[in-house]
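# Topology and contacts: notes
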Amino acid sequence: MDENQKLSLFRAIGISTAASPALMPLVNPQSRAEAFSTLEQFKKFEGRIAVILDLLQTDNLILPVSSNSGGGGTNNNISATVNVDITASTKLYALGVLQSFLKTNYSKLSNETDRLAIRNAVMTSARQLLAKCSNYQERTINYSQLEAQADQHENRFLAIKIASLIADIATRDFPQRWTSFISDLFSPPEKGGLWYIPPPNMNPNPDSNTNTGYGPLIGAKMCLECLKIITEDCTDGDFNSKISTSRRNDVLIGLNAVNQQFLPLVYELLSSQYAIVNASKMALNDMINYLVSNSRTIYQMNQQETPIYESEIKKRDNAGKIVADCLIALEKFCQSMPTDWIFNNTNNCDFISALLHLLREETADLQTLAVACLQQIVLRKTDFQQWLRLVTAMPSAITEADQVSSQQDHIKAAAEGKVLDPVQVLVDKFPFHRGLSKMLACTISAHIAHITNDKDIIKERGANYKVVSTFLGLLADMLSHPSPMICGEQNNTWAVLLRDPQVCKTQTRLLQPCFERLLVAQSTHLVKISWDDVEDQVHPYAALLEETFDDKEEYDMFMSDFRSKANIIIRLIGGIEPKLATSVIHQKFEHLYSTHADGRVRDHLDQVTGQLTQQSTAVVEFEGINLPLDNLIHGLPDWALDDTKSSDPSYMDPHRVQIRNEVRAMLGGIATKVVAWNPQDTWLKFRRVTLMESLKYYWEYDPSRLISAIDAFLQCLSDGTSSPGDGQSLSPDVLSLRKKAGVSLIAVTKKVPHLLVGWLGQLSEKVKTLLSMDTILPANRMHLYEFLSCVATAVQDPTARSNFIADVLSDALNKLEAPAMKQATGSVDGLLAFLGITEAGINPASVTDKANVERVTNNYVLLFSVFNQLLCVGKRCHEAAKKRPNAGLPVPDSQLINTQNQQVFSDEGTVSINDLSMNDPFVHLWPRILPSLIQTLNTLSTLWHPSNQAKYLRHSIQRFMYAISDDEAYLAKNQGSLSGGGVFGEGGTAGSVVSGWDRRANNLAPKWSGWFNELRGTCLQLLGLLAGQRALFAPEIVSLYPSFVNVVANPEHLETMEHRHMTQYIKQFMDYLLLSCPSSLYQSHVAPIAAPFFKHMERRLKCSWAPILKVNGSSSEISKPMTTSDCDRAAVIAMRGGDEWIVPFYARGGAFVGDLDSDTGEALVEKLRVELSRCYADMLQTALALKGEWALVLANLAREEQATKRGDISVLSSGPKTKVYAPGGPPVNADGKQRSKFHYAIEARKQQRIDKLCHFLLLENETIAGYLVLSVVECMNYPDAYTCRRCLRICHRILETAAWVDRYTQMLGTQMLTNAVRGVVYEQKWMVGIEWDMINVIRDIYCRLVIGQSLQWGGQGASMQASMDPSGIHFEQTKVIAKPLQGGGILCVPSDLPRQVLAALPGVTPEFVIQLEAKLNEKRSAKDQKDILRDFLRIAADHLKANENSEDLGILGRANISESLLNQKESARNNVIQDLPEKLVTNRMMMKKNGTGYQPDTAEMGAHLFG
């Protein structure tokens, strides 16, 4: 590279960085573009490294720049040359290019001389920078303040970049190839190193510009930065993937071996610089005291005093900056390096004492950095003595730090002549307080074992107990901090302590002194803060809260997490110390009640009504006491509330009796006041309702005020009524109160229905009175019906129970059977007339006519409420039946307990409705309900037929009955988003489907879509309830079953459903049908519905995904949603029917989006497509026991097998690790729920259904099996990872069940294998993350169909080779052929179809396939076989890749090499710093080997290392 080229490079660097004002005339868009082009070209220059090494070792790099000076005219201009120093800019660029070279080509350097040249060049550059900064004062004596600061920044950036390069080289060469790395850095400059600490007496001129940078300490800065980067790269999970494991270990071993060469130097630097900080602070304090004694402030200093004061400030800050750098490096050491580095006092390096001392130092945030270091230490695994040292020293160190900090605050306030502001002090110290709270909490939570293993601590004796108790007291004291974040940082720790049985057992009182402070803090911070008060600076701690949280959204997210953890803590304390916990909550309630119950504190009032609002202080405070009260009562042990078990000695212990009496008295007082409370403000009534609901666990033990509470709930349902029939005039607050009262009524009733049975007659009369009122909300009507059904389910007499439910629903049933209702639901015309759609076609103005809108709305409410009432009561009865010990099985308990080992169950067939109603009182109503339900569903389905769509889509108003609702549009627009204010809020979609009109408006058009959604959804849920209650399979329904099938499985109905309707159909009906049908009725009851369903679903999914996959020339245009402007064209196509209509209908999910914008419309179509696919896959998983309640049965079986093998039944008493279980407790399921006494009998029936349904779906009905398997195979290539992953699990179940059947060989060996192979070799982006699952399916297919190997269920574990029969042609079948859950069978006659599929791959020959089979036979572990298949498939993928064009296919395009599983090894080899061939031998290794007679070979690389 000649001088001209070098000058061009310098010019490009100068222009690109604008390194000097002298260059500004040269900078313009064209010159910058040329400069960047030159710099990019240089990066590709082959000889660039030699040039870079030369540049790095050049002391000064100068760019001569011509300039014109002179005045007057052009003839008087004088050309001059200005030399611009571009040393820093050029070296930064050169180091960047060199760093890129290190990542790609450094490992290819075979010559040690080349590596040494690079290393020397970087070190020379570092030494030059150190020399430059050491002479900084002389060199910059003529610099302006701005020029000096710019130069200092450049030097700092350059120092960090050099340190980064040194670290990169060290991670590649240290310690084997760069044995002197540490000495090269930490030697003094005269010995070629970078470590230089100026003498204490070196005091820079206070008037100079040099005392704001690092100066001669820049070398120490580079050394510390280098060590930090190396430690981070070799230990941090975010970085160490770039370095091989062996290389990381070598570097860390090397650093550990020589740590005594640099740790004392770091400690010395830390000590010396902190001494400067301390001395400067003392000098500053003396100055301030002098000023204060003379009644002056720092703003009143004279000209002689100001420079001295500022000089000490700069000296303190500069030294503090170096101490901060030391702490930043130490934090990495504390996090990852051996703890001995920090705890050992070798060479008088007491880092722990230093860190504790620095907790008092605010300069440069040293106290926060010291806390961060201690945080990393306490998170490490330390021994008991190390931990005890920290726990012992921290309280005194923190107390001293607090005292020093307080003194400094007063000195600072006095210096500024201000009064000390305690809130501002908290704001300034918030980062320190937050870090301190978290660090103290981690000190305990990370070392619970140290507490539980020390008997003295557990038994409250000895010095260790006092130390830990003092520490916990300090932790609890921090909870009084006004910022909720400080308390929130400790919540996990307190929860862990409270869950630990050894820490919290009765005889240990280690935590008891902290409980009151903990409860007070939790209940205080549970009161939500009004963020408007914070923003308006009305809140007393507004400044602190603004420092704590960025905005309201962050505060709300914090509170959501805080409340969940606070609830757990309060509940746990209530279980440990019921009296104390109840006393604290009782006192808080009494204070609130006396202060706010009468509403005399009136703020944030409603401007219209003058009532309290949701933001009022009284309302917010009562909202804050609700959760503590609820969780307290929920957490109290039974003995603290139940006074009926007088025969139980544990309950009658005198101490417990006293506690129980006091607890019941306090809770009784709260209950009495809440029930008797009669506030006038609506929102206080709302809070009263929530408080009564929170007492639901208390009513169970003391029902004396329960009926009064129920009466209060019922009164709230009619609260706020002004005049009959004027329900629409109710305010939003009253509506909220009524709805909440209804919900709370149900919540309380579900908990204690048995206590209300005696009042059933009176309650029924009260409810009838309310139902007769026109002002009762429709939602509250549902609540009232549900309330009565809850109470009725507690009636013990089955006949009385059924009769009562029939009486409750008599009005709904009569309305359902009324002629007007039958006419409305009996035909499409009747339904359209009933809902005002027919009239809209004749008179469009009718849709906005107020009287007509009200009339039609009442019609719909009447129709919908009938079905909804039936659904609510039916679901409640069904839930109650399932919660009975027999889980609702229609078998007497005496017979049930003896049926667990039977193979034939009397109830696994048709069971009469009378028998079913013994457990479920709703069942006997189905013969009356089902005909109307069938007719309504048939009418709804017929309405969507293409003939009707062709008719009504043409009309400008009627068409909107087919549209989506505004709510569905909102969900499509805000998938997974927490932002926005809902449909009607900012960014909502109200009025976007029917332009300008929403469902709240006086217009029928936007209401129809929501009405049809609700009605269809309710009908489908009733179908699911019908199946779930087993009434569908009762002999009384047999006569209705053909008409039932003709509606729910009508091919035309199925075809014309939109995707959203089909998703509901699957979730609400098909799931329940498959799981609830008795195994003996599959052929008669499931087959007529499942056969057309699976046939339809295969086609629907294929047409839906075709535009995305561009199958058979499908265009993505047909997948766009239908808008208002498309209706006329769609109506014409609908009239023609057939594939011309059905294919685009499925492609767009059947969605008509009205006037919705195109982006949201397309998002909706995508959502519908994906939801349908996922719902279908989930349904199949549930049916095949891969998820859901049947999968839980298999999990329970696995646990029982494990317990039997271990001989340890305690396994059955514990569930998920996220929960705490009492040792020796009752058996629980795998999900942690307690088992009923009929558990084994119930699960025996489920096990039988699991086996038989799988066999039925895949082996008994050819139509069902064919379309089911085909649809699953096709789903493997639909670009949705969720669906694909679940279908792959289903594929394994199919293989386990049917691989041995010859008829399946073509489907499995060709189609399934082809799709699986295609998914892997095409490496599409959407497949990233599930390639191993796909390869495992390939393995399962090939093993079972070709090489006679069977696998465990799910394709797990090593393959098991079947032996050949004597003929040597056939494999012997496995013994578990009929047991898919144990692995299933294999194809006895090996098939050539899978071989042909693999041999047809590009680049693959038959010889490759033969070699593949040989390897699979040789290695049978799952990992080995999957690796073999991956390497095999890479051949085909590479051939395909070589012939592909570069077209951007989005998610269908090929993943890049970094994401590719097939190229994972190659990618790792190229991007990871590899091991060195030289063996690492440290002095310690040599001594160890010498002790066993080992004589090291002197030729070994590094044999003399660290000796």
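Since the model is a prediction, treat every value here as computed from it, not as a measurement.

The next thing to look at is the overall build of the chain. Helix and strand counts for the chain stand at 67 helices and 6 strands. For 1507 residues, the compact-globule formula gives about 35 Å, and the C-alpha radius of gyration of the chain, at 39 Å, lands near that figure. Principal axes of the C-alpha set define a box for the chain whose edges measure 105 × 90 × 90 Å. Contacts in the chain between residues far apart in sequence, at least 24 positions, make up 74% of those at least 6 positions apart.

Quick look at the environment of Val689 now. Mapping Val689 onto the fold places it in helix α32 (residues 682-694). Apart from the residues lying within four places of it in its own chain, the contact partners of Val689 are Phe713, Cys716, Leu737, Lys740, Ala741 and Ser744.

With that out of the way, let us pick up the packing of helix α25 (residues 512-525) against helix α28 (residues 552-576). It is at 10 Å that the axes of α25 and α28 come closest, and there the two elements cross at 145°. In the crossing of α25 with α28, the sense of the turn from one axis to the other is left-handed. In contact with Gln512, Phe515, Leu518, Leu519, Gln522 and His525 of α25, α28 contributes Met559, Phe562, Ala566, Ile569, Ile570, Ile573 and Ile576. Within the contact of α25 with α28, the residues separate by chemical class into 10 nonpolar, 3 polar and no charged.

Following Phe174, the chain continues to Pro175 via a peptide bond in cis, the omega torsion being 0°. Tracing the sequence through the fold places Pro175 in the loop between α7 (145-173) and α8 (181-186). Not every positive phi belongs to a glycine, and Ser295 is a case in point at roughly 55°. Looking at the secondary structure, you find Ser295 in the loop between α11 (263-293) and α12 (305-336). Given the relative accessible area of 67%, Ser295 is considered exposed. Phi angles above zero are rare outside glycine, and Glu460 is one such case at about 60°.

As a further point, take a negative patch on the surface. A grouping of Asp532, Glu535, Asp536, Glu546, Asp550, Asp551 and Glu553 is seen on the molecular surface, where their side chains present a negatively charged patch. Within the secondary structure, Asp551 is located in the loop between α27 (542-548) and α28.

Further remarks concern the nonpolar core. Core analysis: the biggest nonpolar cluster contains 432 residues, and Trp494, Phe922, Trp1008, Phe1044, Tyr1065 and Ile1089 have the highest contact counts within it. Tallying contributions element by element places helix α49 (residues 1005-1028) first for this core, with 12 residues. Dropping the residues within four chain positions of it, Ile1089 is found in contact with Tyr1041, Phe1044, Val1045, Val1048, Ala1049, Tyr1065, Phe1069, Met1070 and Leu1073. Grouped together as the second largest cluster of nonpolar side chains are 9 residues, Met287, Leu291, Ile298 and Met301 included.

A word on the pattern of salt bridges. One pass over the structure, following the stated rule, counts 69 salt bridges. For Glu112, the salt bridge goes to Arg119, with nearest N and O atoms at 3.8 Å. Taking the relative accessible area as the measure of exposure, Arg119 reaches 6% and is therefore buried. Through salt bridges with shared partners, one network takes in Lys1423, Asp1427, Arg1430, Asp1431 and Arg1434.

With that settled, consider α49. Taking 1.5 Å per residue, 24 residues should reach 34 Å; α49 reaches 36 Å between its end C-alpha atoms and fits that length. In terms of residue burial, α49 counts as a mostly covered element, since 21 of its 24 residues are buried.

Right, let's talk about the packing of helix α50 (residues 1041-1048) against helix α53 (residues 1082-1109) for a bit. Angle between the axes and distance between the axes are the two parameters that describe a pair of packed helices. Remark: α50 packs on α53, axes separated minimally by 9 Å, with the N-to-C direction vectors making an angle of 25°. Relative to α53, α50 is oriented roughly parallel. When the axes of α50 and α53 are compared, the crossing they make is right-handed. Two secondary-structure elements touch here, α50 through Tyr1041, Phe1044, Val1045 and Val1048 and α53 through Ser1084, His1085, Val1086, Pro1088 and Ile1089.

As enumerated under the stated definition, the model contains 38 aromatic pairs in all. With centroids separated by 5.6 Å and ring planes inclined at 75°, the aromatic side chains of Phe262 and Trp341 adopt a geometry described as edge-to-face. With Phe262 in the loop between α10 (245-257) and α11 and Trp341 in helix α13 (residues 340-343), the pair connects residues that are 79 residues apart, well separated along the chain. Judged on exposure class, the residue Phe262 and its partner Trp341 are both buried. Each ring, one from Phe1093 and one from Phe1094, has its centre 5.2 Å from the other, and the planes form 65°; the classification is edge-to-face. Note on Phe1093: relative accessible area 0%, which makes it buried. Look at Phe1094 and you get buried, because its relative accessible area is 0%. Members of the aromatic cluster, connected to one another through ring pairs, are Tyr1041, Phe1044, Tyr1065, Phe1069, Phe1093, Phe1094 and Tyr1176. A cation over a ring is seen here: Lys321 above Tyr214, with NZ or CZ 4.8 Å from the ring centre.

As paired elements, strand β5 (residues 1349-1352) and strand β6 (residues 1356-1361) share 3 bridges and run antiparallel to each other. Residue pairing across strands places Gln1352 opposite Gln1356, the latter belonging to β6. Here β5 folds back onto β6 in antiparallel fashion, the turn holding 3 residues, of which Gly1354 has a positive phi close to 80°.

Right, let's get into helix α4 (residues 87-104). Helix length check: α4 (18 residues) gives 26 Å between terminal C-alpha atoms against 26 Å at 1.5 Å per residue, within 8%. Summarising burial for α4: 13 of the 18 residues are buried, a large majority.

Here we come to the environment of Ala1230. Relative to the helices and strands, Ala1230 is located in the loop between α57 (1188-1206) and α58 (1239-1260). Ala1230 sits 430 residues away from Ala800 along the chain, and the two C-alpha atoms are 37 Å apart.

As a further point, take the side chain of Asn1277. Relative to the helices and strands, Asn1277 resides in the loop between α59 (1262-1275) and α60 (1281-1298). In this view, Asn1277 contacts Leu1109, Asn1315, Arg1318, Gly1319 and Trp1326; residues no more than four positions away in its chain are not counted.

Attention shifts here to the confidence of the model for the chain. Confidence in the prediction of the chain, expressed as mean pLDDT, is 87, and 90% of residues score 70 or more. Confidence scores differ between elements of the chain, with helix α6 (residues 136-139) showing the lowest mean pLDDT of 52 and helix α46 (residues 926-943) the highest of 96. Residue range residues 204-210 is modelled with pLDDT below 50. Its contacts to residues more than four positions away, or to other chains, number 16 contacts. For the stretch residues 1493-1507, pLDDT sits under 50, and the model shows 27 contacts to residues farther than four places along the chain or on other chains.

With respect to the element layout, Glu1413 can be found in helix α64 (residues 1406-1418). In this view, Glu1413 contacts Tyr1342, Val1346, Ile1347 and Arg1395; residues no more than four positions away in its chain are not counted.

Another aspect to go through is the environment of Ile49. Secondary-structure assignment places Ile49 in helix α3 (residues 48-56). Overall, Ile49 belongs to the buried group, its relative accessible area being 14%. Residues contacting Ile49, with those up to four places away along its chain left out, are Leu98 and Phe101.

The next thing to look at is the state of the cysteines. Inspection of the entire model under this criterion finds 0 disulfides. The thiol of Cys1019 is not disulfide-bonded; the next cysteine sulfur, from Cys872, is found 13 Å away. Counting only cysteine sulfurs, Cys1287 is the nearest neighbor of Cys1275, a cysteine outside any disulfide, at a range of 4.1 Å.

Criteria and cut-off values
Residues numbered from 1 in each chain as written. Predicted model: local features only at pLDDT ≥ 70, side-chain atom pairs only at ≥ 80, totals over all residues. Heavy atoms only, no water. Helix = DSSP H or I, 4+ residues; strand = E, 2+ residues; numbered from the N terminus. Rg over C-alpha atoms; globule rule 2.2 N^0.38 Å. Contact = heavy atoms within 4.5 Å. Axes fitted to C-alpha atoms, helices over the stretch in contact; angles between N-to-C directions. Left-handed = near helix turned anticlockwise from the far one by under 90°. Nonpolar A, V, L, I, M, F, W, Y, C, P; charged D, E, K, R; others polar. Buried < 20%, exposed > 50% of the residue type's maximum accessible area, 1.4 Å probe, protein only. Patch = residues over 30% accessible without salt bridge, like charges linked within 9 Å, V, L, I, M, F, W, Y side chains within 5 Å. Areas by Shrake-Rupley, 256 points an atom, 1.4 Å probe, with all protein chains shown as cover. Salt bridge = Lys/Arg side-chain N within 4 Å of Asp/Glu carboxyl O. Lys, Arg positive; Asp, Glu negative; His and termini not counted. Charge placed at Lys NZ, Arg CZ, Asp CG, Glu CD. Core = buried A, V, L, I, M, F, W, Y, C linked by side-chain atoms within 4.5 Å. Expected span 1.5 Å × (residues − 1). Parallel < 35°, antiparallel > 145°, perpendicular 65-115°, else oblique. Phe/Tyr/Trp six-rings, centres within 6.5 Å; stacked < 30°, edge-to-face > 60°. Lys NZ or Arg CZ within 6 Å of the ring centre and 35° of its normal. Pairing = 2+ DSSP bridges. pLDDT = per-residue confidence, 0-100. Disulfide = S-S within 2.5 Å.

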